Amino acid sequence: MSVASEFKQFALKGNVMDLAVGVIIGGAFGKIVDSLVNDIIMPVIGKIFGGFDFSNMYFPLNGQSGDLALVEAKKLGAVLAYGNFITIVLNFIILAFIIFQMVKFMNSLKQAEPPPAPAATPEDIVLLREIRDSLKKK
């Protein structure tokens, strides 16, 4: 079997296509979660904590003033920018929780399906059982 035909057989399997669709949808969903965190959740958290802008939170490492914007502080030297890290961790927690809920929902759907009906007993087995039962009565 040639490499091209092996690759074609691999690529056309259902699982590979399902995985590709999952990756594409996951990437788009990641952008939605990014927007949710950056545009909705973080501003509310910033307002609760007195107007903090998490994207500009950092520790200066080269003696920069702590009052500068992050971009300006980076121009003057190294900074430990932990605000963006907090945002990304929050993105991860939200995304992991949503995926957990989706998997939990899918598992509940699998359990809710009724078990398959038992196969009908073949006629010869039914006949043998009837003979057995009639012999027990005697």
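Keep in mind that what you see is a predicted model, and the values were worked out from it rather than measured.

Along the backbone of the chain there are five helices and two strands. At 31 Å, the chain has a C-alpha radius of gyration far larger than the 14 Å of a compact globule built from 138 residues. With the C-alpha coordinates aligned to their principal axes, the bounding extent of the chain is approximately 105 × 50 × 25 Å. Among the 138 residues that make up the chain, the fraction classed as buried is 13%. Of the contacts made within the chain by residues no fewer than 6 positions apart, 39% connect residues no fewer than 24 positions apart. Computed over 13 positive and 12 negative side-chain charges, the inter-centroid distance for the chain is 8 Å.

Take the layout of surface pockets next. Quantified by volume, the largest pocket comes out at close to 170 Å³. In this structure, the largest pocket is lined by Ile25, Gly26, Phe29, Leu95, Ile99, Met102, Val103 and Met106. When residues of the lining of the largest pocket are traced back to their parent elements, those giving at least two are helix H2 (14–48) and helix H4 (82–112). Among the residues making up the lining of the largest pocket, the classes are represented as seven nonpolar, one polar and no charged.

This brings us to a nonpolar patch on the surface. A surface patch of nonpolar side chains, about 460 Å² in accessible area, is lined by Ile125, Leu127, Leu128, Ile131 and Leu135. On the secondary structure map, Ile125 appears in helix H5 (residues 123–137).

For the rest of this paragraph, the subject is the nonpolar core. Listed in full, the six residues of the largest apolar core are Val33, Val37, Met42, Phe54, Met57 and Ile94. At three residues, the largest contribution of residues to this core is made by H2.

All right, on to the pattern of salt bridges then. Taken as a whole and assessed by the stated rule, the structure comprises two salt bridges. Between Glu72 and Lys75 there is a salt bridge, with its nearest N and O atoms 3.6 Å apart. Within this pair, Glu72 and its partner Lys75 are both found in helix H3 (residues 70–76), separated by three residues, close to a single helical turn. For Lys75, a relative accessible area of 61% puts it in the exposed group. Two residues, Asp133 and Arg132, come together in a salt bridge whose shortest N-O distance is 3.3 Å. We classify Arg132 as partly exposed; its relative accessible area is 42%.

Mean pLDDT over the chain works out to 81, with 94% of the residues at or above the 70 mark. Of all helices and strands in the chain, the one with the weakest mean pLDDT is helix H1 (residues 3–11) (79), whereas H5 scores best (88).

Parameters and conventions
- Residues numbered from 1 in each chain as written.
- Predicted model: local features only at pLDDT ≥ 70, side-chain atom pairs only at ≥ 80, totals over all residues.
- Heavy atoms only, no water.
- Helix = DSSP H or I, 4+ residues; strand = E, 2+ residues; numbered from the N terminus.
- Rg over C-alpha atoms; globule rule 2.2 N^0.38 Å.
- Buried < 20%, exposed > 50% of the residue type's maximum accessible area, 1.4 Å probe, protein only.
- Contact = heavy atoms within 4.5 Å.
- Lys, Arg positive; Asp, Glu negative; His and termini not counted.
- Charge placed at Lys NZ, Arg CZ, Asp CG, Glu CD.
- 1 Å grid on protein atoms, 1.4 Å probe; cavity = no way out; pocket = protein on both sides within 12 Å on 5 of 7 lines; lining within 4 Å.
- Points joined across faces, edges and corners; volume = space filled by probe spheres on them.
- Nonpolar A, V, L, I, M, F, W, Y, C, P; charged D, E, K, R; others polar.
- Patch = residues over 30% accessible without salt bridge, like charges linked within 9 Å, V, L, I, M, F, W, Y side chains within 5 Å.
- Areas by Shrake-Rupley, 256 points an atom, 1.4 Å probe, with all protein chains shown as cover.
- Salt bridge = Lys/Arg side-chain N within 4 Å of Asp/Glu carboxyl O.
- Core = buried A, V, L, I, M, F, W, Y, C linked by side-chain atoms within 4.5 Å.
- pLDDT = per-residue confidence, 0-100.

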